[in-house]
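# Inside the fold
For reference, the chains in residue letters:
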Amino acid sequence: MPLVNMKDMLDHAHANGYAVGAFDLVSLDFLDAILRGAESRRAPVILSLAESHFAYFNFQTLMPAVVAAARHSTVPVAIHLDHGASLDSAVQAINLGCNGIMVDSSSAPLEENIRLTRKIVTMARGCGIPVEGELGYVPGVEGEDAERHPGEMAYTTVDEARRYVAETGVDFLAVSIGTVHGRMRGKPELDFQRLAQINQALGIPLVIHGGTGLSDDQFRQLIDNGVAKINYYTALADAAGRVIAANASREARGYTALVAGIGDTIQAEVERCIDLWGSADRADAVLEKARPWRAVEHVIIYNVEGLDEAGTHAMMAEGRRVLSAIPGVLEVVTAEALKEDAAYRYSWLVRFCHPAVVDSYRDHPDHMAFADQHFRPVAGERISIDYQDVEDSSS
Ligand SMILES: [Zn+2]
């Protein structure tokens, strides 16, 4: 039962004074190493996929592996879209299995940031999915040198944070208090007083981006002041890069020889972070508190009147195309009975990521148009039932 509601996970961390690591992964090596690190320390963990990294892997291809690995894990896991840039990418991430979404419109002016964030929160609520917003601006890009992205840092202010959270309804807030994405020269100066005031004003889990390069003491102070999720990537990527460079200097040849050992190195860094951030040995408490993340199967069995077989198959194809794009729909399966004399000849199986989708799907204009124009007129004889998964497939 390892995929859990991310809001419950982070509320537990916020209430108990520790932070969960949200580690960006860019390959199966990272995925395995992050989960092995979390399991060896019995820590809750967030598998994070950053939209800025989609150039390096195929998101659609990688996600099924991420979901399968999370389901087989023995520690509580959430799967998060990091820095989602648009409503479309948020919907795509949810439909591929992410159960947390970050909206990044923080480079827009406040009004625009609120408007865009609210739109995504409304969609995500209909899918039962918590949302992380960002206010203020943390310069840079994950895994790159900060000097290459010299954006102006904009600190989060208490008043704007209060307004942004009230008007958007985000569940978590990424704040800008002096960290920078990627590698930076010198020691970052963090504004802890500002962070303490934001934490007091909001009372929701806060998030830090740009965790690489902070001292142990800085991390402790961040967590003491409400930070419950820390995004972490650059140090993992650099550690893996050093292993590859060392392998190359020993004249290792070929891909597998060059990447040999990067998993162990990434795992060691993940374990160091987990120990430092206080999330070790919290897995059982989170599993007890956090609602398991369970899918719903919307099942319809039906007979068709007034359409021949080709017409029925065309109707099904149209349904798969239209319905699979509705937020919260993980999968659309259309099938026909093996035996021609079955009481019901055809079936739909539409998998929803969360029970909330039962309502948002039914009321979605694309679903209503398909049902009214293509399905109901020919499928008068039908049974429709929603089922929730009883146990996770791995347990
Ligand atoms: Zn970030």
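Look a little higher up for the structure.
Predicted model only: the values in this text are computed from it and were never measured.

### Here's the deal with the overall build of the chain
- When its secondary structure is counted, the chain shows 15 helices and twelve strands.
- Whereas a compact globule of 395 residues would reach a radius of gyration of roughly 21 Å, the chain reaches 23 Å, a difference of no more than 12%.
- In terms of overall dimensions, the chain has C-alpha extents of about 75 × 55 × 40 Å along its principal axes.

### Topic: the packing of helix α9 (residues 234-249) against helix α11 (residues 262-277)
- Two elements in contact, α9 and α11, have axes whose closest approach is 9 Å; the angle formed by their N-to-C orientations is 150°. Here α9 and α11 pass one another in a crossing that is right-handed. In this structure, α9 contributes Ala-235, Leu-236, Ala-239, Ala-240, Val-243 and Ile-244 to the contact, and α11 contributes Ile-262, Thr-265, Ile-266, Glu-269 and Val-270.
- Split by residue class, the contact of α9 with α11 holds nine nonpolar, one polar and one charged.

### Quick notes on the sheet that holds strand β6 (residues 172-175)
- Reading around the circumference, β1-β2-β3-β4-β5-β6-β7-β8 is the order of the eight strands in this closed barrel, with parallel pairing throughout. When the angles between neighbouring strand axes are averaged without regard to direction, this sheet yields 25°.
- Taken together, the three bridges between strand β1 (residues 20-24) and strand β2 (residues 45-50) define a ladder with parallel strand orientation. Bridge pairing in β2 links Asp-24 to Ser-48.
- Packed onto the sheet, helix α2 (residues 28-40) meets β1, β2 and β3 (77-84) and runs at close to 160° relative to β2.

### Remarks on the sheet that holds strand β12 (residues 381-388)
- Taken in spatial order, the four strands of this open sheet run β10-β11-β9-β12, and their pairing is antiparallel. Both edges of this open sheet fall to β10 (329-336) and β12, since each of them pairs with a single strand only. Between one strand axis and the next, the sheet turns through 15° on average, direction left out of account.
- Taken together, the seven bridges between strand β9 (residues 296-303) and strand β11 (residues 346-352) define a ladder with antiparallel strand orientation. Its bridge partner lying in β11, Tyr-302 is registered against Tyr-346.

### Here's the deal with the environment of Phe-352
- In this structure, Phe-352 sits in strand β11.
- Separated by 148 residues in sequence, Phe-352 and Ile-204 place their C-alpha atoms 27 Å apart.
- With residues near it in sequence (within four places) discarded, Phe-352 still touches Ala-295, Val-296, His-298, Gly-328, Val-329, Leu-330, Val-357, Val-358, Tyr-361 and Asp-386.

### Quick notes on a nonpolar patch on the surface
- Together, Ile-383, Ile-385 and Tyr-387 make up a nonpolar patch on the protein surface, roughly 260 Å² of accessible area in all.
- Note that Ile-383 resides in strand β12.

### A few points about the packing of aromatic side chains
- All told, the structure shown has 13 aromatic pairs when counted by the stated rule.
- Between Tyr-232 and Trp-277 the ring centres are 5.4 Å apart and the planes differ by 80°, which places this aromatic pair in the edge-to-face class. Within this pair, whereas Tyr-232 is found in strand β8 (residues 227-232), its partner Trp-277 is found in helix α11, the two being separated by 45 residues in sequence. The same class applies to Tyr-232 and to Trp-277, which are both buried.
- A centroid spacing of 4.8 Å and a plane angle of 80° characterise the contact between Tyr-302 and Phe-375, whose relative ring orientation is edge-to-face. Of the two residues, Tyr-302 sits in strand β9 while Phe-375 sits in helix α15 (residues 365-375), which places them 73 residues apart along the sequence. Across the pair, exposure class does not vary: Tyr-302 and Phe-375 are buried alike.
- These aromatic residues form a ring-pair network of at least three members: Tyr-302, Tyr-346, Trp-348, Phe-370 and Phe-375.
- Between the NZ or CZ atom of Arg-345 and the centre of the ring of Tyr-346, over which it lies, the distance is 5.6 Å.

### Some thoughts on the nonpolar core
- Formed by 105 residues in total, the largest nonpolar core has its most connected members in Leu-173, Leu-222, Trp-277 and Tyr-302.
- In this structure, Tyr-302 is in contact with Met-315, Met-316, Tyr-344, Arg-345, Tyr-346, Ser-347, Trp-348, Phe-375, Ala-379, Glu-381 and Arg-382, ignoring residues within four places of it in sequence.
- Core analysis: the second largest hydrophobic core is formed by 17 residues, Met-6, Leu-10, Ala-13 and Ala-174 among them.

Conventions used here
- Residues numbered from 1 in each chain as written.
- Predicted model: local features only at pLDDT ≥ 70, side-chain atom pairs only at ≥ 80, totals over all residues.
- Heavy atoms only, no water.
- Helix = DSSP H or I, 4+ residues; strand = E, 2+ residues; numbered from the N terminus.
- Rg over C-alpha atoms; globule rule 2.2 N^0.38 Å.
- Axes fitted to C-alpha atoms, helices over the stretch in contact; angles between N-to-C directions.
- Left-handed = near helix turned anticlockwise from the far one by under 90°.
- Contact = heavy atoms within 4.5 Å.
- Nonpolar A, V, L, I, M, F, W, Y, C, P; charged D, E, K, R; others polar.
- Pairing = 2+ DSSP bridges.
- Patch = residues over 30% accessible without salt bridge, like charges linked within 9 Å, V, L, I, M, F, W, Y side chains within 5 Å.
- Areas by Shrake-Rupley, 256 points an atom, 1.4 Å probe, with all protein chains shown as cover.
- Salt bridge = Lys/Arg side-chain N within 4 Å of Asp/Glu carboxyl O.
- Phe/Tyr/Trp six-rings, centres within 6.5 Å; stacked < 30°, edge-to-face > 60°.
- Buried < 20%, exposed > 50% of the residue type's maximum accessible area, 1.4 Å probe, protein only.
- Lys NZ or Arg CZ within 6 Å of the ring centre and 35° of its normal.
- Core = buried A, V, L, I, M, F, W, Y, C linked by side-chain atoms within 4.5 Å.

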